[in-house]
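Fold and contact review
Below are the chains, spelled out letter by letter.
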Amino acid sequence: QQQVKQSPQSLIVQKGGIPIINCAYENTAFDYFPWYQQFPGKGPALLIAIRPDVSEKKEGRFTISFNKSAKQFSLHIMDSQPGDSATYFCAASTGTTDSWGKLQFGAGTQVVVTP
Amino acid sequence: GAGVSQSPRYKVAKRGQDVALRCDPISGHVSLFWYQQALGQGPEFLTYFQNEAQLDKSGLPSDRFFAERPEGSVSTLKIQRTQQEDSAVYLCASSLGNVYTEAFFGQGTRLTVV
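First things first, this report covers the structure right here in the doc.

Remarks on the pairing of strand β5 (residues 44-50) of chain B
Residues and elements named next belong to chain B. Burial of β5 is extensive: 6 of the 7 residues sit out of reach of the surface. As paired elements, strand β4 (residues 31-37) and β5 share 6 bridges and run antiparallel to each other. From the neighbouring strand, W34 faces β5, where its bridge partner is T47. Linking two consecutive strands that pair antiparallel, namely β4 and β5, is a turn of 6 residues; a positive phi of about 75 degrees is found at G40 within it. As paired elements, β5 and strand β6 (residues 53-56) share 3 bridges and run antiparallel to each other.

In structure tokens:
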């Protein structure tokens, strides 16, 4: 069963808009929540990651919001550009030595930013 | 090399054929992971190595799947008697090995079983 649920499946925004992607999880042992960006024919690349001890993290135009009590986290892309058009995946894992690399990925959100 | 290198990039196999997929991690990276990505889906964990030790192979779909990393560097994912449902992109990732350090993914090998 999918341990991380991601929505929406796809979205289209105009340049300058703010795509928002949401993820929810059930396993309270998860304590590492990365977001990956994937272009066609390429492997996923880490965008930004958060731990549960903070509620928000910003890196450039990308912001993660984290709600530990609701077991939800989201990605906002500020001032989106056509070059941001890609598939975005949320993921989660536990922080133990033998399991932190076992990332549980969401199903992905295809984002299209129109000029 | 500059990044994680996977070969071949594309592989077409006849059903029942054995295949071997290679991963060259970033030099010095202790941890290595294999994931399977079906079309339009997120990657699914297959297995995880720390140096040459396979710490977790819980994601391997069946005993037809086997992974090794004998010298703690290059890894090979082998699939025996391929089936159509094995068609997917197989991704390899590596990291320095400390908890929470970034995992860098290769471009993947697209396997098509006909």
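Regarding a nonpolar patch on the surface
Taken together, the side chains of I18, I20 and M78 of chain A make up a nonpolar region of the molecular surface, amounting to roughly 230 Å² of accessible area. Among the structural elements, M78 of chain A can be located in the loop between β8 (72-77) and β9 (86-92).

Considering the state of the cysteines
Taken as a whole and judged by the stated rule, the model has 2 disulfides over all chains. Put simply, C23 of chain A and C90 of chain A are joined by a disulfide, and their sulfur atoms are 1.9 Å apart. One quick way to see it: the torsion about the S-S bond of C23 of chain A and C90 of chain A is about -95 degrees, and its sign makes the bridge left-handed. Remark: C90 of chain A occurs in strand β9 and C23 of chain A occurs in strand β3 (residues 20-25); sequence separation between them is 67 residues. There is a disulfide in this structure between C23 of chain B and C92 of chain B, and the S-S distance comes to 1.9 Å. Across the disulfide from C23 of chain B to C92 of chain B, rotation about the S-S bond amounts to roughly -70 degrees, and the bridge is consequently left-handed.

Notes on unusual backbone geometry
Looking along the chain, the bond that leaves S7 of chain A and enters P8 of chain A is cis, with omega of -5 degrees. Looking at the secondary structure, you find P8 of chain A in the loop between β1 (4-7) and β2 (10-14). A cis amide bond, omega -5 degrees, links S7 of chain B with the succeeding residue P8 of chain B. One can find P8 of chain B in the loop between β1 (5-7) and β2 (10-13). For D79 of chain A, which is not glycine, the phi torsion reads 45 degrees and is therefore positive. Assignment of secondary structure puts D79 of chain A in the loop between β8 and β9. Here R81 of chain B, not a glycine, exhibits a phi torsion of approximately 45 degrees, which is positive. Here R81 of chain B shows up in the loop between β8 (75-79) and β9 (88-95). Of the residues examined, R81 of chain B reaches a relative accessible area of 42% and is grouped as partly exposed.

Quick notes on the rules
- Along each chain, numbering runs from 1 in the same order as the chain's sequence is written.
- For this description, chains carry letters from A and ligands carry numbers from 1, given in the order in which they are written.
- Note on the predicted model: pLDDT of at least 70 is required for a residue's local features to be given, and 80 or more for side-chain atom pairs to be given and counted; whole-chain, interface and lining totals, by contrast, use all residues.
- The side-chain numbers reported here are obtained from all heavy atoms of the structure, hydrogens and water having been left aside.
- Partly exposed describes any residue whose relative accessible area lies between the buried limit of under 20% and the exposed limit of over 50%, with all areas from a 1.4 Å probe on protein chains only and scaled to the type maximum.
- Numbering of helices and strands runs from the N terminus, with a helix taken as a DSSP run of H or I at least four residues long and a strand as a DSSP run of E at least two residues long.
- When DSSP finds two or more bridges between two strands, those strands count as paired.
- By definition, no residue in a patch forms a salt bridge, and every one has over 30% relative accessible area; like charges are joined within 9 Å, nonpolar side chains (Val, Leu, Ile, Met, Phe, Trp, Tyr) within 5 Å.
- In this description, accessible areas are obtained by the Shrake-Rupley approach with a 1.4 Å probe, and a residue is regarded as covered only by the protein chains that are shown.
- What counts as a salt bridge is simple: a side-chain nitrogen of Lys or Arg found within 4 Å of a carboxyl oxygen of Asp or Glu.
- Working definition: a disulfide is two cysteine sulfur atoms within 2.5 Å of each other.

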